[in-house]
Amino acid sequence: MTLLRDVLVPLALPGLPEGVRAWYTRRGPEAAPGDPYSGFSLCGYTGDSPAHVDGCRAMLCRGLGVSPSDLVMPRQTHSDRVAVVGGGPMPCLDGVDALVTDRPGIVIGVSTADCVPVVLADPAGRRIGVAHAGWRGALGGVVERTLEAMVGSGSRPEDVVVAFGPSICQKCFEVGEEVASQFPPEFVDRSGSRPHVSLQGFIASRLRAYGVADSNIALFSPGLCTMCHPMEFFSARVSGVSSGRVALLACLDAV
C-alpha cells in the first residue's frame, strides 16, 4: 500500500523560511514500466483516470490535514498568466500557469513532467508562489510575472527565496535550433550534434536580474532530473504528454 511518505518529499528552500512548507511528489512504489499513469499524480487533465487522480488528491489532503477545496492547482497551458488566490472568490484557473497566495492553510501547486516547477517564498511578507515553466513559459516570463504578483502584494525581491522542483536537466533537454536560438548563448550547450538548454540556469538568471539574491536561489540538483529518472518522476519525453504529472506544492502555516 502506498503511503503519503512514499510519494511526498519536502523541498528545502534557502534558509528554511519559518512557516513555509513546500514539497514535490514522486511516482512512488506503484510506478510500473510501460504504464504512463502508474504512480502518484494529482493532475486531472492529461488523460489519467478521474478515480485515480481523486484518490491521490484525497490521500494528500488527509495527510496534510486540509480540505479538498484548499488544494488549488490550475489547468496549465504554457502561458505567463498568474492567479492570486485566497483573497476572495476563486479566480478562473483555466490557462493559468502560476499561483500566488498569502493565506495560511491553502495548498497551491503546479503540475509538470519535464518542465521546471518553481516555488517562491517571502518569509518576511508571508507570501508564496508556484510557477510552471517549460521553455515557452520561461521565455515568456512566467516566473518573473509570479514574482511581480508577489511584489505587487507587498513583497520585496531581496526577501524572496526560490527553489526548483524535479525537471529535465540540461544534458537531457535537447532542442532544435529554433528553440535554442531564443536563449542567451551561456545557457545553450552546442558541443553535441544538437543544442541542449539549461532552463533552470536561464530562470535563475531572470530572477537575479529582478533582484532576487543569488544566495536565495537553491541550485537544481541533477538527481531531480525527470528524464534521467522516469520511474521516480513522470517524464513526458519518456512516456509522452499523455501521462501523469509531478506536483510541486507550497503552503503557509498559520501563525
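None of the values given here were measured: they were computed from a predicted structure.

*Asks:* An account of the side chain of Ser38 is needed here, citing residue identities and associated values.
*Replies:* With respect to the element layout, Ser38 can be found in the loop between β2 (20-25) and α2 (50-64). A polar contact is formed between the side chain of Ser38 and the backbone nitrogen of Ala32, at a distance of 2.7 Å. Here Asp35 takes part through its backbone oxygen, which lies 3.0 Å from a polar atom of the side chain of Ser38. Apart from the residues within four sequence positions on either side, Ser38 is in contact with Arg27, Glu30, Ala31, Ala32 and Phe234.

*Asks:* Any details on the packing of aromatic side chains? Residues and values, ideally.
*Replies:* In this structure the tally under the stated criterion is 3 aromatic pairs. Ring geometry for Phe183 and Phe202: centres 5.1 Å apart, planes at 80°, overall edge-to-face. Here Phe183, found in the loop between α5 (177-180) and β10 (188-189), pairs with Phe202, found in helix α6 (residues 199-210); they are 19 residues apart in sequence, far enough to count as distant. Taking the relative accessible area as the measure of exposure, Phe183 reaches 5% and is therefore buried. Grouping aromatic residues by their ring pairs yields a cluster made of Phe183, Phe187 and Phe202.

*Asks:* So what's going on with the pairing of β2? Residues and values would help.
*Replies:* With 5 of 6 residues buried, β2 lies mostly within the body of the structure. Note that strand β1 (residues 8-10) and β2 share 3 bridges and pair antiparallel. Bridge pairing in β2 links Pro10 to Trp23. Of the pairings in the sheet, the one linking β2 to strand β12 (residues 246-252) comprises 5 bridges and is antiparallel in character.

Analysis parameters
- Residues numbered from 1 in each chain as written.
- Predicted model: local features only at pLDDT ≥ 70, side-chain atom pairs only at ≥ 80, totals over all residues.
- Heavy atoms only, no water.
- Helix = DSSP H or I, 4+ residues; strand = E, 2+ residues; numbered from the N terminus.
- Polar contact = N/O pair within 3.5 Å; in protein donor to acceptor, adjacent residues only side chain to side chain.
- Contact = heavy atoms within 4.5 Å.
- Phe/Tyr/Trp six-rings, centres within 6.5 Å; stacked < 30°, edge-to-face > 60°.
- Buried < 20%, exposed > 50% of the residue type's maximum accessible area, 1.4 Å probe, protein only.
- Pairing = 2+ DSSP bridges.

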